[in-house]
Amino acid sequence: WRVAAILLDQQSGVLVKSLERLAAFDWDQRHQAASCVAGLLDWSTLGRRLVHPPTVVLAGGPNVGKSSLLNALLGFGRAIVWDQPGTTRDVVTGRTALEGWSVRLADTAGLRIAGDQVEAVGVEHARRELGVADLVVLVVDRSHPLDDQARQLIDEWPEAVVVANKCDLDDATDGSLPGGTLKVSALTGEGIDELAGAIVARLVPATPEPGTAVPVSERLIECLEAVARAIEAGDEAGFRSAVAETIG
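Numbering of residues starts from 1 in every chain and runs along the sequence as written. Per-residue local features are limited, in this predicted model, to residues with pLDDT of at least 70; the limit for side-chain atom pairs, both in listing and counting, is 80 or more; totals at the level of whole chains, interfaces and linings are taken over all residues. Values shown for side chains rest on all heavy atoms present in the structure; no hydrogens or waters enter the calculation.

Draft legend 1. The side chain of Thr55, seen in detail. Helix and strand assignments follow DSSP, with helices taken as H or I runs no shorter than four residues and strands as E runs no shorter than two, numbered in order from the N terminus. Examined against the element boundaries, Thr55 turns out to sit in strand β1 (residues 55-60). Whenever two N or O atoms come within 3.5 Å, that pair is a polar contact, provided that in protein one can donate a hydrogen and the other can accept it, and provided that, for residues adjacent in sequence, both atoms are side-chain atoms. Among the polar contacts made by the side chain of Thr55, one reaches the side chain of Arg104 at a distance of 3.1 Å. Note on contacts: a residue pair is in contact if any heavy atoms of the two residues lie within 4.5 Å. Filtering out sequence-adjacent residues up to four positions away, Thr55 remains in contact with Arg104, Glu129, Ala133, Asp134 and Leu135.

Draft legend 2. Structural context of the pattern of salt bridges. The salt bridge definition used is simple: a Lys or Arg side-chain nitrogen within 4 Å of an Asp or Glu carboxyl oxygen. Applying the stated criterion to the full structure yields six salt bridges. A salt bridge links Arg48 to Glu218; its shortest N-O distance comes to 2.9 Å. Remark: Glu218 occurs in helix α9 (residues 218-233) and Arg48 occurs in helix α4 (residues 44-51); sequence separation between them is 170 residues. Between Lys166 and Asp141 there is a salt bridge, with its nearest N and O atoms 3.1 Å apart. Here Lys166 is found in the loop between β5 (161-165) and β6 (182-183), whereas its partner Asp141 is found in strand β4 (residues 135-141), with 25 residues between them in sequence.

Draft legend 3. Highlighting the sheet that holds β5. A sheet is described by the order of its strands in space; here six strands give the open sequence β2-β3-β1-β4-β5-β6, paired in mixed fashion. The open sheet has two edge strands with one neighbour each: β2 (92-98) and β6. Here an axis means a line fitted to C-alpha atoms, over the contact stretch when the element is a helix, while the angle between two N-to-C directions is reported on a 0 to 180 degree scale. Contacts from helix α8 (residues 192-203) reach β1, β2, β3 (101-107), β4, β5 and β6 within the one sheet, and its direction differs from that of β4 by about 150°. What makes two strands pair is DSSP finding at least two bridges between them.

Draft legend 4. Just the pairing of β1, in detail. When accessible area is computed with a 1.4 Å probe and restricted to protein chains, residues below 20% of their type maximum are described as buried, those above 50% as exposed, and intermediate ones as partly exposed. In terms of burial, β1 is a largely internal element, six of the six residues being buried. Here β1 shows two buried faces, one formed by Thr55, Val57 and Ala59 and the other by Val56, Leu58 and Gly60. Relative to β3, β1 is paired through four bridges, and the arrangement is parallel. Pairing of Leu58 across the sheet is with Asp107, part of β3. Relative to β4, β1 runs parallel, the two being bridged by five bridges. Opposite Val56, over in β4, you have Leu135 as the bridge partner.

Draft legend 5. The arrangement of the nonpolar core in detail. If you look at the biggest cluster of nonpolar residues, it comprises 32 residues, and the most contacted ones within it are Leu69, Trp101, Val137, Leu195 and Ile199. No other element matches the six residues that α8 contributes to this core. With residues near it in sequence (within four places) discarded, Val137 still touches Val56, Val57, Leu58, Ala59, Val161, Val163, Leu195 and Ile199. Side-chain atoms within 4.5 Å are what join buried Ala, Val, Leu, Ile, Met, Phe, Trp, Tyr and Cys residues into a set we call a nonpolar core.

Draft legend 6. Broad picture of unusual backbone geometry. The residue Asn63 is not glycine, and still its phi comes out positive at about 65°. Residue placement: Asn63 occurs in the loop between β1 and α5 (66-74). A residue is classified by how much of its surface remains accessible, and Asn63, at 33% relative accessible area, is partly exposed. For Asp174, which is not a glycine, the phi torsion comes out positive at approximately 55°. Within the secondary structure, Asp174 is located in the loop between β5 and β6. Given the relative accessible area of 74%, Asp174 is considered exposed.

Draft legend 7. Structural view of the environment of Val204. Mapped onto the elements of the fold, Val204 is located in the loop between α8 and α9. Look at Val204 and you get buried, because its relative accessible area is 13%. Taking the C-alpha atoms as reference, Val204 lies 7.0 Å from Leu46; in sequence the two are 158 residues apart. Once you skip the residues sitting within four places of it in the chain, Val204 turns out to touch Leu46 and Trp101.

Laid out in structure tokens, this is it:
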């Protein structure tokens, strides 16, 4: 519903009015135009994510509960859950809304030295998905001591949201998890709402007030960026051309 509300604002004319104000500036008013463009571009990342939902990748070692966590976040059994490492051999995805924001969730193969060629392909696919992720959720098993592989993954993805799964079992990590680690149980549902909130907070750090102009077209964002570059370069002809393209 949050996505729909912002898009409806744009459809009602909020964005068009903002672009019309931009078009009314001449070169002598380029500093005001720059401020107008900056205000629009402040919301460009959000605008892109309204049209193309961001990807959140669940990663970690084998059998830490990534598939169960995916199912818990989605609310249905999208991924196969089994207590043997290497069950997930490819990327399993599902779309949902967290606190009103659309996201694409991806469950990946356990990151380890593969035991066979099929599993190796799954690990390769996982690495590729991680490379384009908007956010990585790194899952560790709280009921086992943190091993070297888990430590390496935490070091490799310092911006990840770290999740200690299986908090319904005794804690065997001996206080070795990084600060800010979230405790969840995919089995009982404990901590799932907090995890959803943490994901949203990272993907949408600020929410526009109702009536805020948000550029949602890649072409429009590129045109606005061209206007900003022309102003910075003192290029009047480029400014006029980019503004015309923006409102065209």
